[in-house]
Amino acid sequence: MTAEARPWTAPLAQAPVTATVRLPGSKSMTARALVLSALADGPSRIHRPLRARDTTLMADGLRALGTTIDASQGDVWAVEPRPLRGPATVDVGLAGTVMRFAPPVAALAEGTVTFDGDPHARNRPLRPIVEALRSLGAHIDASPSGGLPLVVRGTGTLEGGTAVIDASGSSQFVSGLLLSAPRCTKGLVLRHEGPPVPSAPHLRMTTHMLRAAGAVVDDSAPDVWTVEPGPLSGRSWQIEPDLSGAAPFFAAAMVTGGTVTLAGWPRDSWQPVGVLGDLLIRLGAEVSQGDDGLTVRGTGRLHGIDADLSEVSELTPVVAALAALADSPSSLRGVAHIRGHETDRIAALARELDKVGAGVVEHADGLDITPHPLRAAAFETYADHRMAHAAAVIGLAVEGIMLTDVACTSKTLPEFPELWAGLVTGG
């Protein structure tokens, strides 16, 4: 379960924020590296992984299945694959990556593996991946909703073959199946049928990392992924700083007219930095890449935008916060699937932005936001780290924004409150 809720008043910025920020590794890359390392035919080392609740739960889940993961060296995790076996119990917490990536791994194990998590995790969609795994030969007991609690009854192998899935609810359904596909006897041909799959950059990250581990992947046809059966190689993974986690820090530069540099950002990234950069520029920032990292400068004004955020839906809460502080209305769309994230983020943002004084119209797939003078309020975080980020951004410009729980940021960045306070105060 999550840590006890901790109310926290967001610090008000008294001057432009100027800072160089060093952030932990990408949650998405760390989760994928852990799974690929556990399924490899030799040892791997993961450099600068994210050490937070989601990734710790992933590591613990793989350990429960037999993998040896030594995290004692801090910035380098050593992974030794072992035969996958049950009985085991996996706590998914509230992590979509764990609940979507680990069951396919469990289907390759010999023995029974039980999955459950935080209360809200039982509401997060899981049925598409469960039904796809069943069609590939897995034996799974699921709740009446098709989700958690879940029991995977593995036989030591998974046949694989062809599966059809509606992944419009989460790209993680596709990624979870693809990551384990090389270990299936027949590999996998996965076809998506339904509305567009969101978060396409995350799918590209999955296929890039599979190929880096030696898998043969064909994603040349739209909505079809073919993974050949074969071994995965142990290797050294270099984890990039977390781009989604950097968004509130970049927003701080924009709100205050300051400058924030994300140190250690690679020039050749597997994350959607181009999409983020274009979005921030439209909102009123200047964005540049240099030897020192990725830099965002505030221009002193925030502009409303009309934006389809389907490729970068994790940024929606921070972008919504910026929109509430902008000089003109915004329309944010293409993110219906974030209703199934840690909370219903569209509904939660509508409620909380209205509470602080913004004009908000909620749509099935997004929000229309009209800026008004904002006021102090208790901003409910819904055990959702991204909602906490949104509140902190608004608190830069509005005195008296109190987060009902800042401890939820431990999901991906346990040190967020201290980093944020130091950023704002210059400490």
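Residues numbered from 1 in each chain as written. Predicted model: local features only at pLDDT ≥ 70, side-chain atom pairs only at ≥ 80, totals over all residues. Heavy atoms only, no water.

Student: Residues and numbers for the overall build of the protein, please.
Tutor: Secondary structure summary: the protein contains 12 helices and 23 strands in total. Computed over the C-alpha atoms, the radius of gyration of the protein is 21 Å, within 12% of the 22 Å expected from 2.2 N^0.38 for a compact globule of 427 residues. With respect to the principal axes defined by its C-alpha atoms, the protein has extents near 60 × 45 × 45 Å. Evaluated residue by residue, the protein yields a buried proportion of 59% over its 427 residues. Excluding contacts between residues fewer than 6 apart, the proportion of contacts in the protein whose partners are at least 24 apart in sequence is 73%. Taken as a whole, the protein presents about 15400 Å² of accessible surface, with 51% of it coming from carbon and sulfur. With 35 positive and 45 negative side-chain charges, the protein shows a spacing of 3 Å between the two charge centroids. (Helix = DSSP H or I, 4+ residues; strand = E, 2+ residues; numbered from the N terminus. Rg over C-alpha atoms; globule rule 2.2 N^0.38 Å. Buried < 20%, exposed > 50% of the residue type's maximum accessible area, 1.4 Å probe, protein only. Contact = heavy atoms within 4.5 Å. Areas by Shrake-Rupley, 256 points an atom, 1.4 Å probe, with all protein chains shown as cover. Lys, Arg positive; Asp, Glu negative; His and termini not counted. Charge placed at Lys NZ, Arg CZ, Asp CG, Glu CD.)

Student: Let's hear about the pairing of strand E15 (residues 259-262): which residues, and what values?
Tutor: Alignment of strand E2 (residues 18-21) against E15, held across 4 bridges, turns out to be parallel. Residue pairing across strands places threonine 18 opposite threonine 259, the latter belonging to E15. (Pairing = 2+ DSSP bridges.)

Student: Lay out the environment of serine 135 in plain terms, naming residues and giving numbers.
Tutor: Its place among the elements puts serine 135 in helix H4 (residues 127-135). Residues serine 135 and threonine 162, 27 residues apart in the sequence, show an inter-C-alpha distance of 8.1 Å. If we skip the residues at most four places from it in the chain, serine 135 touches Thr162 and Ala163. A distance of 2.6 Å separates the side chain of serine 135 from the backbone oxygen of alanine 132, its partner in a polar contact. (Polar contact = N/O pair within 3.5 Å; in protein donor to acceptor, adjacent residues only side chain to side chain.)

Student: Can you lay out the sheet that holds strand E14 (residues 236-238) for me, pointing to particular residues and giving the numbers?
Tutor: Read across the open sheet, the 4 strands follow the order E4-E5-E3-E14; overall the sheet is mixed. The sheet is open, and its two edges are formed by strand E4 (68-70) and E14, each paired on a single side. Here the average twist between neighbouring strands, direction ignored, is 15°. Pairing of strand E3 (residues 44-47) with E14, which is carried by 3 bridges, proceeds in the parallel orientation. Opposite histidine 47, over in E14, you have glutamine 238 as the bridge partner. (Axes fitted to C-alpha atoms, helices over the stretch in contact; angles between N-to-C directions.)

Student: Could you give me a rundown of helix H12 (residues 416-425), with the residues and numbers involved?
Tutor: Among the residues of H12, those classed as buried are Phe416, Pro417, Trp420, Gly422, Leu423 and Val424. For H12, the secondary structure elements touched by its buried residues are strand E1 (8-9), E2, helix H7 (243-256), E15 and helix H11 (385-397). Of the residues trailing H12, glycine 426 is marked for its positive phi of about 80°.

Student: Kindly report on the packing of H7 against H12, identifying the contributing residues and their values.
Tutor: Their axes nearest at 11 Å, the elements H7 and H12 cross at an angle of 15°. It follows from the interaxial angle that H7 and H12 lie roughly parallel. Here H7 runs over H12; the crossing is right-handed. Where H7 approaches H12, its residues Pro248, Phe249 and Ala252 are matched on the opposing element by Phe416, Leu419, Trp420 and Leu423. Class assignment of the residues belonging to the contact of H7 with H12 gives a composition of 7 nonpolar, no polar and no charged. (Parallel < 35°, antiparallel > 145°, perpendicular 65-115°, else oblique. Left-handed = near helix turned anticlockwise from the far one by under 90°. Nonpolar A, V, L, I, M, F, W, Y, C, P; charged D, E, K, R; others polar.)

Student: Talk me through the sheet that holds strand E13 (residues 224-227); I want residue IDs and the actual numbers.
Tutor: Taken together, 4 strands build an open sheet; the order of strands is E10-E11-E13-E12 and the sheet is mixed. Looking at which strands have only one partner, the edges of the open sheet turn out to be strand E10 (161-165) and strand E12 (217-218). This element, helix H5 (residues 172-180), spans E10, strand E11 (188-192) and E13 of the sheet and lies at about 175° to E11.

Student: Requested: an account of the pairing of strand E17 (residues 293-298), with residues and values cited.
Tutor: With 5 of 6 residues buried, E17 is to be regarded as a mostly interior element. Here E15 runs beside E17; their pairing, made up of 4 bridges, is antiparallel. Each residue of the ladder has a partner; that of valine 260, found in E17, is valine 296. Examined bridge by bridge, strand E16 (residues 285-290) and E17 share 6 bridges and lie antiparallel to one another. Within the sheet, the bridge partner assigned to serine 288 lies in E17 and is threonine 295. Taking the residues between adjacent antiparallel strands as the criterion, E16 and E17 are bridged by 2 residues.

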